[in-house]
Structure formats: structure tokens, C-alpha cells
Amino acid sequence: MLFLALLACEPMPSSGEIFAPVKVEAAKPTGPDQRFAELDEPRFKISSEEMASGTMPAPAPAEGEPSAADAALGSPAPVPAAAAPVGLPSPTSFPVRLVSTIVSAQPPRAVVGLPSGEEVVVSPGSVLAAEGLVVMAVMDGRVQLAKIKPQGDHAAIESIEISAQYP
């Protein structure tokens, strides 16, 4: 074991004093790290308001691509329209309804009717992505939901409590 420790140690010249630390030369800086030079400036910037309104600024052309002025001289390329986000509820969708609750089960469960007519069994923590809902709590005859609405780079959360139509 002592032999392995001696092999792992690197010999160093003595400083002449027993308790004085050995002076080590500092590494010389070679300049900025070029691996991250392209990340210094963002290629595309958009504010929350622009994202929420759906208007997107034209991205700056990359090297080798024609600029906007050059493209105006030639035939204009069609610009694709901003697609609606997938999985987000429409503002005119029919609301979900509570059919029944099963509070004696562990965890408590509820049968929720979706706008499509489908009925699903949910428990606290379940996500109804198409409706933008998260099940927060299941109580006797009631279910507490969180409605999540995207707003730019953040989300607004609204608490909703629905009751069974027939006790």
C-alpha cells in the first residue's frame, strides 16, 4: 500500500522551509474560450407581448442566406402563418362536468365528463391536457381543478371547483 502511495506522489523541489507552502505558477490565460463565441449574441429575440399577440418578427438571416432587401428584389418567398399551439383549449369549448365522486377509494377518484362526451376517471394530480386542467382535489360531490392558460413565457392559473349535477 505504501508503494502505491509513493508511485502516486509527484516529486517537487523543496522550498527550504518546512511549513512554508510551495509556490505554484498560475496558469497563463490564453484568451476567451472560442467554443462559446457563437453564443455571445442571441440569434433571435421575441418579447412576451409579441408571442402572446401571435406576431413574430422576421429572424435575421444566417450567413450565406439572402437578406430581406435581397429577397425583396427577387420573388417573395411565402411566409408560413403562425400555427395555433397544440393541445390548448379553445376559449369557446364546452366546460367539463362532474358525473360522480368515489371518495372511499384510495386515492379518491372522480368521474369527469369531457366536452367530447367521453367520461374519464381522475384522481388528484391527473392532467386533462386537451382542456388545460389539472385535478387538485377530489371531495364528496366536488372536485377542485386548476385551469392553466399560457400567457407568453409564463402561465396564469385559475382555481375552479365543480359540483356533481345529481347528488
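All values derive from a computational prediction rather than experimental measurement.

**Looking at the sheet that holds strand β2 (residues 109-113)**
Link 1 in the chain: Taken together, the three strands give an open sheet; going across it, the order is β1-β2-β3, and neighbouring strands pair in antiparallel fashion. With one partner strand each, in any of the chains shown, β1 (97-102) and β3 (119-122) form the two edges of the open sheet. Neighbour to neighbour, the strand axes of the sheet diverge by 20° on average, direction disregarded.
Link 2 in the chain: Examined bridge by bridge, β1 and β2 share five bridges and lie antiparallel to one another.

**Structural notes on the sheet that holds strand β7 (residues 154-163)**
Link 1 in the chain: Read across the sheet, four strands follow the order β4-β5-β6-β7 without closing on themselves; strand pairing throughout is antiparallel. Across the chains shown, the open sheet's two edge strands, defined by having one partner strand only, are β4 (127-128) and β7.
Link 2 in the chain: One ladder, built from six bridges, connects strand β5 (residues 133-139) with strand β6 (residues 142-151); its direction is antiparallel. Bridge assignment links Leu133 to a residue of β6, and that residue is Lys147.

**Topic: unusual backbone geometry**
Link 1 in the chain: That bond from Gln106 to Pro107 is cis: its omega, 0°, falls within 30 degrees of zero.
Link 2 in the chain: Structurally, Pro107 can be placed in the loop between β1 and β2.

**Notes on the pairing of β6**
Link 1 in the chain: Hairpin connection of β5 to β6: two residues between the antiparallel strands, including Gly141 at a positive phi of 80°.
Link 2 in the chain: In terms of strand pairing, β6 meets β7 through 10 bridges, oriented antiparallel. If you follow Lys149 over to β7, its bridge partner there is Ala156.
Link 3 in the chain: In textbook terms, the turn of a hairpin is the stretch between consecutive antiparallel strands, and for β6 and β7 this stretch comprises two residues, one of which, Gly152, has a positive phi near 70°.

**Observations regarding the nonpolar core**
Link 1 in the chain: Among the nonpolar cores identified, the biggest contains 14 residues, and Val96, Ala110, Val122, Val143 and Leu145 are the most heavily contacted of them.
Link 2 in the chain: Sorting the residues of this core by element identifies β2, β3, β5 and β6 as the ones contributing at least two each.
Link 3 in the chain: For this core, the leading source of residues is β5, giving three residues.
Link 4 in the chain: Discounting residues that sit within four places of it in the chain, Val143 has contacts with Leu98, Thr101, Ala110, Val135, Ala137, Ile160, Glu161 and Ile162.

**Focus on the environment of Val138**
Link 1 in the chain: Positionally, Val138 belongs in strand β5.
Link 2 in the chain: Considered as a pair, Val138 and Val103 are 35 residues apart in the sequence and their alpha carbons are 7.1 Å apart.
Link 3 in the chain: Aside from chain neighbours lying at most four places away, what touches Val138 is Thr101, Val103, Pro108, Arg109, Ala110 and Pro124.

Each value, and the rule that gives it
The residue numbering used here restarts from 1 in each chain and proceeds along that chain's sequence as written. Only residues with pLDDT of 70 or above have their local features reported here, since the model is predicted, and side-chain atom pairs are shown and tallied only from 80 upward, although totals for entire chains, interfaces and linings are computed over all residues. Note that the side-chain values use all heavy atoms of the structure and ignore hydrogens as well as water. Between any two strands, pairing holds if DSSP finds at least two bridges. Secondary structure counts use DSSP, requiring at least four H or I residues in a row for a helix and at least two E residues in a row for a strand, with both numbered from the N terminus. To obtain an axis, a line is fitted to C-alpha atoms, over the contacting stretch when the element is a helix, and the angle between two such axes runs from 0 to 180 degrees between their N-to-C directions. To qualify as a nonpolar core, a set must consist of buried Ala, Val, Leu, Ile, Met, Phe, Trp, Tyr and Cys residues joined through side-chain atoms within 4.5 Å. Here's how the labels work: a residue is buried when its accessible area is under 20% of the maximum for its type, exposed when over 50%, partly exposed in between, all with a 1.4 Å probe on protein chains only. Contacts were defined at the residue level, with two residues in contact if any of their heavy atoms lie within 4.5 Å.

So, to be careful, I would describe these as geometric facts and stop short of saying anything about function.
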